[in-house]
Amino acid sequence: MTTQRVLWHVTMSLDGFIAGPRHEMDWMPDNEAENPVVPAVIASVGAVLCGRNTWDLVEGPRERDGAGAVYGGQFDGPVFVMTHRPEPGGPYLSGDLKTAVGTALAAAGGRDLLLIGAGLARTCVAAGLVDRLVVHVAPILLGEGVRLYEAVDRAPLRLVEESRAGQYVNLEYNF
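Remember, predicted model here, so these are calculated numbers, not experimental data.

Moving on, we get to the overall build of the protein chain. Helix and strand counts for the protein chain stand at 4 helices and 10 strands. Scanning the protein chain from its N terminus toward the C terminus, one meets helices and strands in the order β-β-α-β-α-β-β-α-β-α-β-β-β-β. The C-alpha radius of gyration of the protein chain comes to 15 Å, within 12% of the 16 Å expected for a compact globule of 175 residues. Overall size of the protein chain, expressed as C-alpha extent along the three principal axes, is 45 × 40 × 35 Å. Burial statistics for the protein chain: of 175 residues in total, 46% are counted as buried.

Let us look at the pattern of salt bridges. According to the stated counting rule, one finds 3 salt bridges in the structure shown. We note a salt bridge from Arg 5 to Asp 112, for which the minimum N-O separation is 2.8 Å. Residue Arg 5 is found in the segment before β1 (6-13), and its partner Asp 112 is found in strand β6 (residues 112-116); the two are separated by 107 residues along the sequence. For Arg 5, a relative accessible area of 25% gives the class partly exposed. When its relative accessible area of 4% is taken as the criterion, Asp 112 is described as buried. The residue Arg 132 makes a salt bridge to Glu 172 at a minimum N-O spacing of 3.0 Å. Of the two residues, Arg 132 sits in strand β7 (residues 132-138) while Glu 172 sits in strand β10 (residues 168-174), which places them 40 residues apart along the sequence.

On to helix α1 (residues 37-44), then. Because an α-helix completes one turn every 3.6 residues, residues spaced three or four positions apart along the sequence face the same direction. All of the buried residues along α1 are Val 37, Val 38, Val 41, Ile 42 and Ser 44. Buried residues along α1 cover an arc of 160° about the axis, so they all sit on one side. If you follow the buried residues of α1, they end up packed against β1, β3 (45-51), β6, β7, β9 (158-165) and β10.

With that settled, consider the environment of Ile 116. As for its position among the elements, Ile 116 is in strand β6. Given the relative accessible area of 19%, Ile 116 is considered buried. Considered as a pair, Ile 116 and Trp 55 are 61 residues apart in the sequence and their alpha carbons are 8.6 Å apart. Other than its neighbours up to four places away in sequence, Ile 116 contacts Val 48, Leu 49, Cys 50, Gly 51, Thr 54 and Val 70.

Among the structural elements, Ala 127 can be located in the loop between α4 (118-126) and β7. For the pair Ala 127 and Val 41, spaced 86 residues apart in sequence, the C-alpha separation works out to 23 Å.

Mapped onto the elements, His 136 comes out in strand β7. Here His 136 is in contact with His 9, Val 10, Thr 11, Met 12, Asn 35, Val 37, Val 38, Val 169 and Asn 170, once residues within four sequence places are set aside.

On the basis of which strands lie adjacent, the open sheet formed by 8 strands has the order β5-β4-β3-β6-β1-β7-β10-β9 and mixed pairing. In this open sheet, the two edge strands, each paired with only one partner strand, are β5 (92-93) and β9. Here β1 runs beside β6; their pairing, made up of 3 bridges, is parallel. The partner of Trp 8 across the bridge, within β6, is Leu 115. Against the sheet, α1 contacts β1, β3, β6, β7, β9 and β10, and its axis sits at roughly 95° relative to β3. In the packing of helix α3 (residues 97-107) onto the sheet, the strands contacted are β1, β3, β4 (79-82), β5 and β6, and the crossing angle to β3 comes to about 150°.

Rules behind the numbers
Residues numbered from 1 in each chain as written. Predicted model: local features only at pLDDT ≥ 70, side-chain atom pairs only at ≥ 80, totals over all residues. Heavy atoms only, no water. Helix = DSSP H or I, 4+ residues; strand = E, 2+ residues; numbered from the N terminus. Rg over C-alpha atoms; globule rule 2.2 N^0.38 Å. Buried < 20%, exposed > 50% of the residue type's maximum accessible area, 1.4 Å probe, protein only. Salt bridge = Lys/Arg side-chain N within 4 Å of Asp/Glu carboxyl O. Arc of directions from axis to C-beta. Contact = heavy atoms within 4.5 Å. Pairing = 2+ DSSP bridges. Axes fitted to C-alpha atoms, helices over the stretch in contact; angles between N-to-C directions.

Below, the structure written as structure tokens:
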């Protein structure tokens, strides 16, 4: 029996960036499906909780309900947006972070909750709400951009799985 988890799944450059300086993702691989870890993660996810900045930059403008936007349409499930600026008719959650995570976990139907957005994920890490971090290390040096983790507090991890897929290294950690 598997246990439901809060999951942060991300691709990172070798120098520690998960997005470019203007949050661009054009350096990301087109062939993530060739990495066997990716479809396994997608299959484990029952709901998504996205940060508002990421929603506005990537997901929201295309499809306000999130349908078809996560994993290029490979994920089909509820998508929530954590925000201080909710709008009527959208998939927005606001207020207490722990309550929002609980709402999204309940919607996941016993499957994992995926966090999208560095700010949201970092805040969840600081609050002790993240169970697992899955990182694909890409063979590229970006030099600047959005770092995987920036915080005053340390977040110890325990490596539970490592693998390779072509030039990518997959690292899976528990908090």
